[in-house]
Amino acid sequence: IDSIASARSDDDSESSKRMKTELLVQMQGTGSDEDHRGVLVLAATNFPWGIDAAVRRRFERRVYIPLPEAAARKQLFELNVA
């Protein structure tokens, strides 16, 4: 989602502005009425603060998954190096 829904700015190209607008239009009401029941929009990012605020508002639920603790990082490292 980082590449297609970054925060809007004056430096955006015209095509980028149109794409973001179309994304917002398509996401409007997704999952809330009979025509869109069963539609799931799933997005992941490492930089939620870099996503356009209007896009973030369209996600009804946000799940924050923190970084693993030091012991878990060590275990992951050992798992992937061994």
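None of the values given here were measured: they were computed from a predicted structure.

1. Here's the deal with the nonpolar core
Here is a general trend for soluble globular proteins: nonpolar side chains tend to be buried in one another's company.
Part 1 of the argument: By size, the foremost hydrophobic cluster in this structure holds seven residues: Ala5, Leu24, Met27, Ile51, Ala54, Val55 and Phe59.
Part 2 of the argument: Those elements that place two or more of their residues in this core are helix 1 (14-27) and helix 2 (53-58).
Part 3 of the argument: Every residue in contact with valine 55, bar those within four places of it in the chain, is listed here: Ala5, Leu23, Leu24 and Met27.

2. Digging into the packing of aromatic side chains
Part 1 of the argument: A complete count under the given rule lists one aromatic pair for this structure.
Part 2 of the argument: For the pair phenylalanine 47 and tryptophan 49, a centre-to-centre distance of 5.5 Å together with 85° between the ring planes defines the contact as edge-to-face.
Part 3 of the argument: On the basis of relative accessibility, which here comes to 64%, the residue tryptophan 49 falls in the exposed class.

3. Some points on the pattern of salt bridges
Part 1 of the argument: Counted by the stated rule, this structure contains two salt bridges.
Part 2 of the argument: Measuring nitrogen to oxygen at the nearest pair gives 2.9 Å for the salt bridge that ties aspartate 52 to arginine 8. Here arginine 8 lies in the segment before helix 1 and aspartate 52 lies in the loop between helix 1 and helix 2, a separation of 44 residues in the sequence.
Part 3 of the argument: Its relative accessible area of 8% is what places aspartate 52 among the buried residues.
Part 4 of the argument: On the accessibility criterion, arginine 8 (44% relative accessible area) is partly exposed.

Cut-offs applied
- Residues numbered from 1 in each chain as written.
- Predicted model: local features only at pLDDT ≥ 70, side-chain atom pairs only at ≥ 80, totals over all residues.
- Heavy atoms only, no water.
- Core = buried A, V, L, I, M, F, W, Y, C linked by side-chain atoms within 4.5 Å.
- Buried < 20%, exposed > 50% of the residue type's maximum accessible area, 1.4 Å probe, protein only.
- Helix = DSSP H or I, 4+ residues; strand = E, 2+ residues; numbered from the N terminus.
- Contact = heavy atoms within 4.5 Å.
- Phe/Tyr/Trp six-rings, centres within 6.5 Å; stacked < 30°, edge-to-face > 60°.
- Salt bridge = Lys/Arg side-chain N within 4 Å of Asp/Glu carboxyl O.

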